[in-house]
There are 2 protein chains.
Amino acid sequence: MSSPGFPSKLLENAVNEFASLPGIGRKTAFRLVMNLLKRDSGEVERFGESIIRLHREIHYCKICHSISDNEICSICSDDKRDRSIICVVENIQDVMAIENTGQFRGIYHVLGGIISPVDGIGPADLKIDSLEEKVGGGGISEVILALSTTMEGDTTNFYISRRLAKFDVLLTTLARGVAVGDELEYTDEITLGRAISNRSPYHK
Amino acid sequence: MSSPGFPSKLLENAVNEFASLPGIGRKTAFRLVMNLLKRDSGEVERFGESIIRLHREIHYCKICHSISDNEICSICSDDKRDRSIICVVENIQDVMAIENTGQFRGIYHVLGGIISPVDGIGPADLKIDSLEEKVGGGGISEVILALSTTMEGDTTNFYISRRLAKFDVLLTTLARGVAVGDELEYTDEITLGRAISNRSPYHK
């Protein structure tokens, strides 16, 4: 099936779209589309709509840059959260991972990535300016650098620490409990919870 | 992330839809949705539309029951195909696999499954009535039973052969033998036994 002669252009289009997703090959894409074809039309329309609506209606929170159904996300608009502690994370998956530990009552700042020269991602591609602005605006007592414990994470930590050095704010990182080389997203909740509780001052 | 606190209902819906596909777990679904979120909105709309259109606009060929963009598929409406030879297959994937060999110039009949009591699929669930009608209508010289060489395939072959016994039509099955490129040593005994019984003259 290396060059499948598709009996239908519509089928081929759908297979091509699925095959464009990461980790989905053409055979898998075909299997997924065949599964959709077997379903009720209502179900399939709901599937398609969920994708279209996701892009049309989703917002990025104006304060923390996380995904949200509104202009301000549910965490940033929650009065019970401690707005003086900002937890800096790489992406939305990390927000969800930390939220699941139930150990953090502050707010987040989603960088939207991590400094990675190999992938061509520099500081200007990340939400670092708005972090500096936010901290400069005052009322912030602590910034937790909760990035992955990789080379890129360390580089980003270092860069942010220099940008924030002029402000009187405590910089902390997650406790070394997260194994070096591990992605935050895949760390188990207990380890991640302890790492947040035992966060330590950031040096250098 | 066993019970992820999604920051957005739209995001959660999209992840749930992807996770409903076979072989796609919640983590993978999340990764796929995050990939879609990073794309241009035009691309994402096209993705969603391709799924919705697939279900709304696709046809099943009235003659062979294969998938088609029109009422009659491109194979059944091709004047160059030999309409006196019908190749009976389980599904559309099999049509595509045989078409890719370039060895078959007849037409197809897609059963839409295979008799499998374990899965609750009986003859009534398959397009066997319409096959009988088609063969009964005359003009058919040969019916090739091109089903999988499994217990279910053999059962279905047997059932169809009985339903078509009253017609003056040649029933054939795919040749059974050692696959091209296979080591004899690792070929199973039943296959090898059949390959020896059905040995053919050596050419060149």
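Residues numbered from 1 in each chain as written. Chains lettered and ligands numbered in written order. Predicted model: local features only at pLDDT ≥ 70, side-chain atom pairs only at ≥ 80, totals over all residues. Heavy atoms only, no water.

(A) View of the domain arrangement of chain A. Entries for chain A in the domain assignment read domain 1 (9–57) and domain 2 (79–201). The C-alpha-based centres of domain 1 of chain A and domain 2 of chain A are spaced at 35 Å. (Domains from an automatic or database assignment.)

(B) Local environment of the sheet that holds strand β4 (residues 106–110) of chain A. Residue and element names in this part refer to chain A. Read from one edge of the open sheet, 5 strands run β4-β3-β5-β6-β7, paired in mixed fashion. Looking at which strands have only one partner, the edges of the open sheet turn out to be β4 and β7 (200–201). Relative to strand β5 (residues 142–145), strand β3 (residues 82–89) runs parallel, the two being bridged by 4 bridges. In the strand pairing of β5, Ile86 is matched with Val143. Against the sheet, helix α4 (residues 92–101) engages β3 and β4, with an angle of about 160° to β4. (Pairing = 2+ DSSP bridges. Helix = DSSP H or I, 4+ residues; strand = E, 2+ residues; numbered from the N terminus. Contact = heavy atoms within 4.5 Å. Axes fitted to C-alpha atoms, helices over the stretch in contact; angles between N-to-C directions.)

(C) Fine view of the interface of chain A and chain B. At the interface, 55 residues of chain A touch 54 residues of chain B. Taking both partners together, chain A and chain B bury about 5,400 Å²; carbon and sulfur atoms supply 67% of that area. Looking only at chain A, the three residues that lose the most surface to chain B are A:Leu10, A:His55 and A:Met96, adding up to 13% of its buried area. On inspection of chain A and its partner chain B, the count reaches 4 salt bridges. Across the pair A:Arg46 and B:Glu17 runs a salt bridge whose closest N-O atoms are separated by 3.4 Å. Counting across the chain A and chain B interface gives 12 residue pairs in polar contact (both at pLDDT 80 or more). Counting residues per element, the ones that place at least two in the side of chain A that touches chain B are α1 (9–19), α2 (26–37), α3 (41–57), β2 (67–68) and α4 of chain A. The element best represented in the side of chain A that touches chain B is α3(A), accounting for 15 residues. (Buried area = accessible area lost by both parts, 1.4 Å probe. Salt bridge = Lys/Arg side-chain N within 4 Å of Asp/Glu carboxyl O. Polar contact = N/O pair within 3.5 Å; in protein donor to acceptor, adjacent residues only side chain to side chain.)

(D) Expanded view of α4(A). Counted residue by residue, α4(A) has 9 buried out of 10 residues, so it is predominantly covered. For α4(A), the set of buried residues is A:Ile92, A:Gln93, A:Asp94, A:Val95, A:Met96, A:Ala97, A:Ile98, A:Asn100 and A:Thr101. Looking at the buried side of α4(A), the elements it contacts are β1 (59–60), β2, β3, β4 and α7 (189–197) of chain A together with α2 (26–37) of chain B. Capping the start of α4(A), A:Asn91 holds a side-chain oxygen 3.2 Å from the backbone nitrogen of A:Gln93, two or three residues further along. Looking one or two places after α4(A), you find A:Gly102, whose phi comes out positive at around 70°. (Buried < 20%, exposed > 50% of the residue type's maximum accessible area, 1.4 Å probe, protein only.)

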